[in-house]
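Breakdown of the fold
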Amino acid sequence: MRLRSSLPFASLFFLASLLAGEPPVLEPVRFTVSEGTNIAIALSPDGRTLAFDLQGTIFTMPAAGGEARAITDHLGDDRQPAWSPDGARLAFQSFRDGNFHIWSTKPDGTDLKQHTSGPYDHREPMWSPDGKKLLFSSDRGAKGNYDVWELELATGAITALTANAGDDFQPAYSPDGKSVAFVSTRSDGPGVYVRSADGSKQNLVAFPGGAAANPFNPPPAPNAPAWSPDGRFVSFQVADAGETSLEIVDVATGARRTLSSEGEDVFPFRAVWLDASSLLYTSDGKIKRRSLAQPDTSEIAFRAPLEVNRAHYTPKRYDFTSTTPKPVKGIRAPSVSPDGNYVVFTALGDLWLLTIGNSKPVRLTDDVFFDADPTWSPDGSHLAFVSDRTGNFEVYLLALADKKTRRLTDSPVDESLPTFTPDGNSVAFLRQAPGNHVYTTELQNIETGATRTLQKALFQPSRPSFSPDGRLAVMAAVETYAARFREGISTFDFIDVAAARSRTASPFPTHSLALRLRNGPLWAPDGRALAYVQDDLLWTIAVDETGKFTGAPRKHTQELTDSPTWTADGKTIVYLATDRLKKVDLATNTTTDIPLDLTWTEAPGTGTLVVRAGRFFDGKSPELRTHVDVIITGNKITAIQTAGSALPAGARVIDASQQTVMPGLFEMHTHLWSHYGERIGRLWLAYGITGLRETGGDPATSVEQRETWRAGRRPGPLFFITGPLMDGTRVYYGISHPVADDANLDLELERVKRLEFDFIKTYVRMSDLRQRKVAEFARTLGIRVSSHEIYPATLYGVDAVEHLGATSRRGYSPKYTALGKGYDDVVQIISRSGMFITPTLSLMGGYFSVAGRDPSIFDTPQFHLYPAYFREATAATAKALAAGSRARNYENGGATVKKLFDAGANISAGTDSPFIPWGLSLHIELWNYVESGLTPFQALQTATINAAKSLHVDDQLGTLEVGKIASLIAVDGNPLENIRDTQRVRHVLVNGRAYTQEQLLAQP
C-alpha cells in the first residue's frame, strides 16, 4: 500500500466542478511553509535524510535542509517519526482508526504496516538498536495509567517494561539497548528515569509536583529523553512556569545543565544526537543544531508544501420575523408515570403533562423561571423537579392533585437531576461541588429534611437510579484510561446506599455509554435489568440483586434514543426519539409514536421604536456619526436619519443621546451546562451580548433554550447551537457523544438535521476520516463545521476552529506551543483556508492577566447577577491564577492573534465561558485583542460582523443598516476610543425587543 499522496481528492473535487461548469465545492489553495508548530524530527542512520512531522503528516528532506515531501497521506494524524537502525523503515504514531497505534512505512511512503491495534492508545515509538523490537508507551494495561511496552516484531509479543500507578511514557533505548530512559509522573518522584537491563530503576532528574497539581499552574514537566551515542548523557526538554528549555544530564553523576537560550520555545520531543557533543532539536518553529560546547545554534531550513481548501456552499437561511407556529422540538427530560398513562417533560421553560393518547399537553407551571428535570414519585402522586425560583436551582415537589409546590432543598449552590427512592420517602439529587463541573450525590429525607452525601464528587455524572429494594444506586460516570489524558469512557457507577461506597462496571469495558445526564443506567422496576443508551440506541442487560451482569446486552431500538424511562410494570420504556416521544415494548421491540401537539411562536419586537443615539457606530466604518435616530418597525431597522427629522406617528423614543449606539455583541464560544435558568438570559443581555453560539451542549436542553428565548418566554439573546460534542470512542464531558462507527455517526448527523443545529462541533478524538464525512454532510445543510483541528481539517473543507490552544488528543497542540506561540504553518493554514477562528485568548491567559492587574472588572452592576458563591469563587480564582503560566503566556498568544489578523484570518470573538465568567469574559477578550495590537474598531468587528459572517447571518445581523434585524446596544462612553466602555451597557435591543439595564438587572 502506498501512503504518500499529492493531495488528490481536493484537486479532484475542484476539477470535477470545473468540468461540470459549476462553482467548486472545495477550492484548493497551495502554499509552502518554512516554520512548524510543535514538530518532531528523526535522522536516518546514514545521516542523509531528516524526517519530521508537520500538522499530522510525515515529511522527509535532505539532512542539510531544503524541499520536503510528504510520505503519508495527511489523514492519519501521523507524528513522532523514528528510523529503523538499517534505515529501511520509519515508525510513527497514527490516529488513523480513532486510536493511536504504531505504524511504519518505507521512506518513500510505500508498504504501510500497522504494528499495534485494539481499543488502547500506543504512542511515541522507538526502534531497538538491533531493529528487532519497537518501544512505545501505552495505556493498554487497563490499570488507569501509561506504562512502557516493548513489541517483538518477529512474534508480535508485547511486554510491559514498567508497572507503576503513575504514568511512564516517552521511552528511549540506550545505545547498547540494555537500558531505557523514560518520563514518569510517579508520586514518589516524578522525573526522568532509567530502567536497567535487570529491571531496576533510577531517577536521573527529579521534579517536584504531581498529577493533582493545578492545570493552570502545572509543576515543571520533563519530556522526551534521548541518549547521546556514547551513553554518557540523556537530553530532555522541560516546560516550567511559562519557560521551556533543552537540558542534558550526566547519567553517571547526575550533573545537569541547560543548553538552550533563555526564552527559547523548545518543543517537547526527542533531540537527535549527531555525535557525543552535538545534537538536533526543534524550537521556535525551526530545526536547530547545537553543540554542547558552544552557545550558538544553526538552523536547518525546510520548505514543506501544504494545501487547504476554501469550502463553497449555499448557507442556511434564518427567519427571525415570521410568527407562524412551529412544532416544539426542545423536549427535555421526559419521564413516564408509573402506570404508563402520562409523560411529564420540560418545554419552553415550564413543566408539561401529556396524557398518552391525547396529543394536547397541559402546562403544569407557567412563569418566567426555569423548571426542569421532572421525575415521578413511586405512587405517581408527586413530581420532583428543579427550579431557579430563588435564584439558584433547588429541588421542589409538586402535588398533582392540587398543583401545589413546596421547596425541598435550601442550598447556596445549584442542584439538578432529582430522583425518588423506591419507598418514596427520600429524594436523591446532584449538588454542585467546588471544582470544575463536579457534583456530589445527596440523599434528602422528604419529611425531616435530613441530608447525607451518597456519592463523593464526580465529574458530570448522570441522574441516579435505585434498585427496587433501595440498597443500591447506579449512575453513569466517566472513567479515564490514564491520568495523562483526561478522556475515557462513561461507565456504570454502583453505589452501596448504606455504606456510601461504589464500584464501577460496564457491559463493554472499552465502549462508552452515550451522553451522560439522562441516558441511564436505569434500574428496571423488578431489579432484574438495567436500561441504558449506547451508540445512540436503547439497550438492556440482565443483572442480579447486586447489580452484577448475568446476561448479554439486548438492543431494543434502531433510531436515535435519548432519556429513557421505565413504566412500573417493566414492560415498556418511553424515550425521546430526537424530536418526538416514543415508547418501545421490550418483549417485541415494537416502537410506537406518542403524539404530541405543542408549538411555539417567534416573538419579535412589535410597534415602532426610535433609538436616539448621541454617537452611532454602524459596525462597518471606524468613523462615528453623531445625533442619529434609528427607526425600528417591528424587529427591523427601517430608517437611520439625523436626529430632529420627522418621526413616525406613535413611535416610542429610547433616549440614548448620551450613549454610543452600536451592534449587539456575539459571544462565539460558550457552554451553558446546567448552570442556567431565568437569570442567565438577562445576564447575557446586560453585558450587551445579543447573539450566542453554544459550542457543545445537551441537545434537548439547547433546543429548549433556543425556543424559549425566541418565543419570548424569558429574555435572552438569539441562540445558535450545535448539540453534543461529536467525539470519538473516548469522551470526557457529559455532553460528549462517543461515535462508535459509521452507523452511529449517521444517527448523529440525522439529529443535526432534525433539530436544525446551526453548525456542527466535532471534538478531539474524532478521526480525520469521520470528520471529513461530517464536513461533507454539513455542506448539504449550509452550516459550518468547527473543531479543535486545523489540518487536515482545512483540506476537506472544515471552515471553523475553536481556540488557539486547548484540549488535544496528542498532549500538545498543533496550533499553540507551551509558550503560547503559533508559527508560519498555523498562520498560513488558517488565513489561506478562509476558516473562522475563535482564539479564546482570554481563556489562554488574557482573562487572568487582566483580572490580576485590574480587579475593578468585577465591580460592575452585571457581575452581581451571578450568585454569591460564583462571584466569590471567580474573583478568588482570578487572583490566584494571575501569576500562572497561562497569564504569562498571554503576550505570546496575543502576538499570534495579531499575526493571524495581519495575514487576513477571519477572527470571531469567544471565550469558552463558563470556565471564565459568562458575559464578562467576552469584554475581556475584546480588551485582550486591543492589548495585542488590534484597534478597538478591529476588535469590535470580531464580535459583530465577523461573528455574524461565521454564523451565516451577516445579511441580517452584525451591523446596523436599514433592513437588518434590530439587535443593538447603547453604552456609556465610546468603545472606539476606549474598548473598556463595551460593558457600560444602558439599553439593549434583541430582535426588536427592548430592555433597559435596570430591567435586566431586576430579579423577577
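Check the entry above for the structure.
Residues numbered from 1 in each chain as written. Predicted model: local features only at pLDDT ≥ 70, side-chain atom pairs only at ≥ 80, totals over all residues. Heavy atoms only, no water.

On to the side chain of Glu307, then. Secondary-structure assignment places Glu307 in strand S27 (residues 302-311). A polar contact of 2.8 Å, which involves the side chain of Glu307, links it to the side chain of Arg30. (Helix = DSSP H or I, 4+ residues; strand = E, 2+ residues; numbered from the N terminus. Polar contact = N/O pair within 3.5 Å; in protein donor to acceptor, adjacent residues only side chain to side chain.)

Our focus in this paragraph is unusual backbone geometry. Trans peptide bonds make up most of the peptide bonds, and negative phi angles are found at most residues other than glycine. Geometrically, the link from Gly520 to Pro521 is a cis peptide bond, its omega value of 5° lying close to zero. Relative to the helices and strands, Pro521 is located in the loop between strand S44 (501-505) and strand S45 (522-523). A cis amide bond, omega 10°, links Tyr791 with the succeeding residue Pro792. Its place among the elements puts Pro792 in the loop between strand S64 (784-787) and strand S65 (800-802). The backbone phi angle of Glu124 is positive, close to 55°, even though this residue is not glycine. Summarising the element assignment, Glu124 is placed in strand S11 (residues 122-127). Assessed through its relative accessible area of 3%, Glu124 is described here as buried. Unusually for a residue other than glycine, Ser563 sits at a positive phi of about 55°. Looking at where Ser563 falls in the secondary structure, it is placed in strand S49 (residues 562-566). Here Ser563 falls in the buried class, since its relative accessible area comes to 2%. (Buried < 20%, exposed > 50% of the residue type's maximum accessible area, 1.4 Å probe, protein only.)

The next subject is the sheet that holds strand S30 (residues 342-347). With antiparallel pairing, the four strands of this open sheet are ordered in space as S29-S30-S31-S32. Each edge of the open sheet carries a strand with a single partner, namely strand S29 (332-336) and strand S32 (362-363). Bridge count between S30 and strand S31 (residues 350-355): six bridges; the pairing is antiparallel. Across the sheet, the residue bridging to Thr346 is Leu351, located in S31. (Pairing = 2+ DSSP bridges.)

Turning to the environment of Ala943, a few remarks are in order. On the secondary structure map, Ala943 appears in the loop between helix H11 (936-942) and helix H12 (945-950). Once the C-alpha coordinates of Ala943 and Ser187 are considered, the two residues, 756 residues apart in sequence, prove to be 45 Å apart. With near-sequence residues (within four places) excluded, Ala943 lies in contact with Gly664, Leu665, Phe666, Ala909 and Leu926. (Contact = heavy atoms within 4.5 Å.)

Moving on, we get to helix H3 (residues 699-710). Its twelve residues give H3 an end-to-end C-alpha distance of 17 Å, which sits within 8% of 16 Å, the value for a rise of 1.5 Å per residue. With twelve of twelve residues buried, H3 lies mostly within the body of the structure. Of the positions making up H3, those classed as buried are Pro699, Ala700, Thr701, Ser702, Val703, Glu704, Gln705, Arg706, Glu707, Thr708, Trp709 and Arg710. (Expected span 1.5 Å × (residues − 1).)

Note: strand S43 (residues 485-496) against S44, five bridges, orientation antiparallel. Along S44, the bridge assignment pairs Ile495 with Ser502. If you look at the hairpin formed by S43 and S44, you'll find four residues sitting between the two strands, and Ala500 has a positive phi there, around 55°.

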